[in-house]
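Remarks on the overall topology
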Amino acid sequence: QTIARLKEIQHAQKIKNEAAIAHLTTEGVEKKYLKIILKADVHGSLEAIRGSIAKANHQTDAEVHIELVDSNVGGITSSDIMRAKTAEALVVGFNVRADAAAKKAQNQEDVKVEYFSIIYALLDYLKDLALGMQAPIKRESIIGTAEVIQVFRSSKFGTIAGCMVREGTIKRQAGIRVLRNQRVIFEGNIDSLRRFNDNVSEVKHGTECGIGVTGYSDIKVQDHLEAYIIEEISPRQQSK
């Protein structure tokens, strides 16, 4: 009965995120849980998210209880991934990212990790999963990351981060985040994207480039730049 009910919810509400739905478990037929491991950049953010989850759990019409298996400050580690695997939980990062060991463990253990930089977007996502609703019409996709290997400063161009693109593609029109020790320290737009002396629209994995970030000059070697886009997804696309 439980399995049939979960399949009915998934079909009726057309949830695309099958991996996250797999983390819905039940005791009997009526009681359902969504287990998550929460990591955040600072204690203030962590407490705000915890409070909002507690408030949602106490609503009289809440069909699913959001269970915090663990919640802490700091980047996502391989230990978080292994604990999520054991608990059958979803890992949620707020303004933090997984380190290299955690990414490797995530791929090996097939654990779902979701990243957010806006609290209400995180809460809406959990609510959508818990209540079997459709995903938001606008969704963020990380399209590429680059590591800063050298920093150039000039009166004409300002601060330029000499980078190696480590994953995906960096696109000129994308939003950009500056990460230091797996934490988001700045979010803005790409001011310039260059290959040697040429302005370019995109730079792919394994390629060196120069990136200027609008309104931010405190870039350091070993920082990471994360490019993202906001996609508009129609209900028809969500159901596929």
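Summarised in this report is the structure supplied together with it. (Residues numbered from 1 in each chain as written. Predicted model: local features only at pLDDT ≥ 70, side-chain atom pairs only at ≥ 80, totals over all residues. Heavy atoms only, no water.)

1. Here we look at unusual backbone geometry
With glycine set apart, most residues show a phi of negative sign, and most peptide bonds adopt trans. Here is the rule we go by: Numbering of helices and strands runs from the N terminus; a helix is a DSSP stretch of H or I covering at least four residues, while a strand is a stretch of E covering at least two. Think of it in three bands: with a 1.4 Å probe and only protein chains considered, a residue is buried below 20% of the maximum accessible area for its type, exposed above 50%, and partly exposed in between.
A positive phi angle is found at Phe196, which is not glycine, with a value near 60°. Relative to the helices and strands, Phe196 is located in the loop between β9 (183-195) and β10 (198-199). Overall, the relative accessible area of 70% leaves Phe196 in the exposed class. Of note in this structure, Gln222 is not a glycine but carries a positive phi near 85°.

2. Side note on the pairing of strand β7 (residues 158-171)
Under the convention used in this document: Note: two strands are recorded as paired if DSSP finds a minimum of 2 bridges between them.
Here strand β6 (residues 138-154) pairs with β7 via 10 bridges, running antiparallel. In the strand pairing of β7, Thr145 is matched with Glu167. Hairpin connection from β6 to β7: 3 residues lie between these consecutive antiparallel strands. Pairing of β7 with strand β12 (residues 208-213) involves 4 bridges; the strand directions are antiparallel. The partner of Ala161 across the bridge, within β12, is Ile211. The pairing of β7 with strand β11 (residues 202-204) spans 3 bridges and is antiparallel. Looking at β11, one finds that Lys171 is bridged to Glu202.

3. Topic: the packing of aromatic side chains
The relative placement of two aromatic rings is captured by the distance of their centres and the angle of their planes. The criterion, for reference: Pairing of aromatic rings covers Phe, Tyr and Trp, the last through its six-membered ring, and needs centres within 6.5 Å; plane angles under 30 degrees mean stacked, over 60 mean edge-to-face, and all others mean tilted. Whether a charge sits over a ring depends on NZ of Lys or CZ of Arg being within 6 Å of the ring centre and within 35 degrees of the ring normal.
Counted according to the given criterion, the structure contains 2 aromatic pairs. Between Phe116 and Tyr125, the aromatic rings sit 5.3 Å apart at their centres with planes inclined by 50°, giving tilted as the arrangement. Among the residues examined, Phe116 registers a relative accessible area of 12% and is labelled buried. Over the face of the ring belonging to Tyr228 we find Arg177, whose NZ or CZ atom lies 4.0 Å from the ring centre. Its guanidinium or amino end placed over the ring of Phe157, Arg194 lies 5.3 Å from that ring's centre, counting from NZ or CZ.

4. Focus on the side chain of Thr159
Selection criterion: In the analysis that follows, any N or O atom pair within 3.5 Å is treated as a polar contact, provided that within protein one partner can donate a hydrogen and the other can accept it, and provided that, for residues neighboring in sequence, both atoms belong to side chains. In what follows, residue pairs with any heavy atoms lying within 4.5 Å of each other are defined as contacts.
Positionally, Thr159 belongs in strand β7. Note on Thr159: relative accessible area 13%, which makes it buried. In terms of polar contacts, Thr159 uses its side chain to reach the side chain of Arg153, at 3.0 Å. Those residues in contact with Thr159, other than ones at most four positions away along the chain, are Val151, Phe152, Arg153, Ile211, Gly212 and Ser217.

5. Quick notes on the nonpolar core
Stated precisely, the cut-off is as follows: Note on terminology: a nonpolar core comprises buried Ala, Val, Leu, Ile, Met, Phe, Trp, Tyr and Cys residues joined through side-chain atoms within 4.5 Å.
Among the nonpolar cores identified, the biggest contains 20 residues, and Cys163, Ile170, Leu193, Cys209, Ile211 and Leu225 are the most heavily contacted of them. Put simply, the parts of the chain that give this core at least two residues each are β6, β7, β8 (175-180), β9, β12 and β13 (224-232). Per-element accounting of this core gives the leading share, 4 residues, to β7. Sequence-distant contacts of Ile211, that is, excluding residues within four places in its chain, are made with Ala146, Thr159, Ile160, Ala161, Cys163, Ile170, Ile190, Ser192, Leu193 and Leu225. The next biggest cluster of nonpolar side chains, apart from the first, holds 17 residues, and it includes Leu34, Ala40, Ile53 and Phe116.

By themselves, these are just geometric observations and shouldn't be taken as functional.
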